[in-house]
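Below, each chain spelled out in residue letters.
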Amino acid sequence: MTKIMAINSGSSSLKFKLFEMPEELVLVEGSFERIGFKNANFSYKHQGVKESIELEILNHEQAVNTLLKILIDEKMIASFSDIEGVGHRISHGGTYYSDATLIDEIVEERIAELGMLSPLHNPVNLVGIRSFKKVLPGTKQVAIFDTSYHHTIPKKNYMYALPYEYFEKYGIRRYGFHGPSHQYVAEESAKLNPKGSKTITCHIGSGASVSAILNGQSINSSMGFTPLAGLVMGTRTGDLDPQILPFIQEQENLTPQEMKDIMNKKSGLLGLSGISSDYRDVEQAADEGNEKAQLALDVFAHQVVHYIGAYAADLNGLDTLVFTAGVGEHSSRVRTNITNYLTYLGVKVDEEKNKNDELFIESEESRVKVLVIPTDEEVIIARDVMRIGHLK
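Note that the coordinates shown come from a computational prediction; the quantities given were computed from them, not determined experimentally.

Enquirer: Which residues make up the environment of Val-299, and what values go with them?
Expert: Structurally, Val-299 can be placed in helix α11 (residues 291–315). Placed 67 residues apart in sequence, Val-299 and Val-232 show a C-alpha to C-alpha distance of 7.5 Å. Val-299 has contacts with Val-232 and Leu-272, leaving out every residue within four places of it along the chain.

What follows is the structure, given as structure tokens:
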């Protein structure tokens, strides 16, 4: 039995699962939320018991040290050497990586280099790697890239109509992200609906993306050269006319970095509603009559509908539609707002099943299976650590 730690570092969070492999038994799982604040929350679940602690966690390195101390103090591991591999979810692998890889100095340098393309994630992903290396210097560390799963996207779908030299010089193309999540739910949906070769997976959370999956392989995905493209997200714009950027820069006298911050950190649901980047907060405000909040929800849903329609065309049909991630799994409202516009594809939802967050939420008349599958990016990470690290 091999203990593998799966790490998913976000801009202000760190999620983890400690697995016993190859049984895929979860020994402990949890997360740090609001890293960088004095009232950060550390919660975990071990042997069916949930614990939650509010404490000051100022950075990801402190979060890693706190996690490892708890594992020892609570006797979840006897020593740090019990952990034989650590897998890190990395946002952007660029043209460098079409698969997971063992982490060395070159890999770290490339992750840092690609931080300019994924500014909310690659830098903190790297902090997580270095924090674990400091405490577990002899343990195999593996990078699992969000972009790797989408390397099966055909060239006609990933190319932008820019001068070809920019693709050759800089690798400017559509990459797609949320790979472990799309991979996991696509594999699970294939088990649940074996006849469904044409699948659209909707990862809807603070970050959001839609993917077209044909016979288990990604053929298109809404995020592009960076995770900024595609759907409206918590703080990110999603798709927009590129000419808007120089126009706003000139009108507001902004630097390129200030413009990046607006697109990545001040737009999306937050920018449209003026209230919050959290879908639940915006939903509550809309229920209270806030027109901007309602508009934000409408724009959010419309963009998902737009991509589902486009990807149904790419697939030349649709057998299975999957919702996953925080909003996709838990908001019956967002699923209704989306599926109401998909009846032309044969999608019909049973609202009672939908409100109960059941696994299958389609009605008997639906020609398309509609599933709500909780994502498990961490198990994909753990499997890759075992495979790439040649662990048994």
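From this point, the discussion proceeds with the structure in view.
Enquirer: Quick one: what's the story with the domain arrangement of the protein chain, residue by residue and with numbers?
Expert: Considered domain by domain, the protein chain is made up of domain 1 (2–145) and domain 2 (194–372). Put simply, the middle of domain 1 and the middle of domain 2, counted by C-alpha atoms, are 27 Å apart. Counting residues at the interface gives seven residues for domain 1 and six residues for domain 2. Counting the surface lost from both domain 1 and domain 2, the interface buries some 560 Å², and carbon and sulfur atoms represent 65% of this. Taken together, the connections running from domain 1 to domain 2 amount to zero salt bridges. The interface formed by domain 1 and domain 2 holds one residue pair in polar contact (both at pLDDT 80 or more) in total. In terms of residue class, the side of domain 1 that touches domain 2 is made up of three nonpolar, four polar and no charged.

Enquirer: Describe the sheet that holds strand β4 (residues 37–46), and please don't skip the residues or the numbers.
Expert: The strand order across the open sheet formed by eight strands is β5-β4-β3-β2-β1-β6-β8-β7, and the pairing between neighbours is mixed. Edge strands, defined here as strands with exactly one partner in the open sheet, are β5 (49–57) and β7 (101–102). Against the sheet, helix α15 (residues 377–388) contacts β1 (2–9), β2 (13–21), β6 (83–90), β7 and β8 (140–145), and its axis sits at roughly 130° relative to β1.

Enquirer: Summarise the pattern of salt bridges; cite the residues concerned and give the values.
Expert: Here the structure, examined in full by the defined rule, presents 19 salt bridges. Here Glu-61 and Lys-134 are joined by a salt bridge, their closest N and O atoms 3.1 Å apart. Of the two residues, Glu-61 is situated in helix α1 (residues 60–73) and Lys-134 in helix α3 (residues 122–135); the sequence distance between them amounts to 73 residues. Here Glu-61 falls in the partly exposed class, since its relative accessible area comes to 30%. Take Lys-134: its relative accessible area is 58%, and that puts it in the exposed class.

Enquirer: Got a sec to walk through the UniProt feature "site: Transition state stabilizer" (unreviewed entry) in the protein chain? Specific residues and values, please.
Expert: Here, UniProt's "site: Transition state stabilizer" (unreviewed entry) annotation points to His-178 and Arg-236. When the annotated set is filtered for residues lining the second largest cavity, what remains is Arg-236. Mapped onto the secondary structure, His-178 falls in the loop between α5 (164–170) and α6 (179–192). Along the polypeptide, Arg-236 turns up in the loop between β11 (217–221) and α7 (244–252). Beyond its immediate sequence surroundings of up to four residues, Arg-236 is in contact with Leu-120, His-121, Gly-207, Met-223, Pro-227, Leu-228, Met-263, Asn-264, Ser-267 and Gly-268.

Enquirer: How would you sum up the packing of α1 against α3? Please name residues and give values.
Expert: In a packed pair of helices, the relevant descriptors are the angle between the two axes and the axis-to-axis distance. Two elements in contact, α1 and α3, have axes whose closest approach is 9 Å; the angle formed by their N-to-C orientations is 45°. Compared by their axis directions, α1 and α3 come out oblique. Seen from above, α1 lies across α3 with right-handed handedness. Counting all contacts with α1, which are made through His-60, Glu-61, Val-64, Asn-65, Leu-67 and Leu-68, the residues of α3 involved are Val-124, Val-127, Ser-131, Phe-132, Lys-134 and Val-135. Grouping the amino acids of the contact of α1 with α3 by side-chain chemistry returns seven nonpolar, three polar and two charged.

Enquirer: With reference to specific residues and values, describe the sheet that holds strand β9 (residues 198–204).
Expert: As summarised here, the arrangement of the five strands in space is β11-β10-β9-β12-β13, forming an open sheet in which the pairing is mixed. One side of each edge strand has no neighbouring strand; the edge strands of this open sheet are β11 and β13 (369–372). Between one strand and the next, the sheet's axes are offset by a mean angle of 25°, whatever the strand orientation. Examined bridge by bridge, β9 and strand β12 (residues 320–324) share five bridges and lie parallel to one another. Paired with Thr-201 across the bridge in β12 is Val-322.

The rules behind these values
Residues numbered from 1 in each chain as written. Predicted model: local features only at pLDDT ≥ 70, side-chain atom pairs only at ≥ 80, totals over all residues. Heavy atoms only, no water. Helix = DSSP H or I, 4+ residues; strand = E, 2+ residues; numbered from the N terminus. Contact = heavy atoms within 4.5 Å. Domains from an automatic or database assignment. Buried area = accessible area lost by both parts, 1.4 Å probe. Salt bridge = Lys/Arg side-chain N within 4 Å of Asp/Glu carboxyl O. Polar contact = N/O pair within 3.5 Å; in protein donor to acceptor, adjacent residues only side chain to side chain. Nonpolar A, V, L, I, M, F, W, Y, C, P; charged D, E, K, R; others polar. Pairing = 2+ DSSP bridges. Axes fitted to C-alpha atoms, helices over the stretch in contact; angles between N-to-C directions. Buried < 20%, exposed > 50% of the residue type's maximum accessible area, 1.4 Å probe, protein only. UniProt positions renumbered as here; feature names shortened; annotations may be inferred. 1 Å grid on protein atoms, 1.4 Å probe; cavity = no way out; pocket = protein on both sides within 12 Å on 5 of 7 lines; lining within 4 Å. Parallel < 35°, antiparallel > 145°, perpendicular 65-115°, else oblique. Left-handed = near helix turned anticlockwise from the far one by under 90°.

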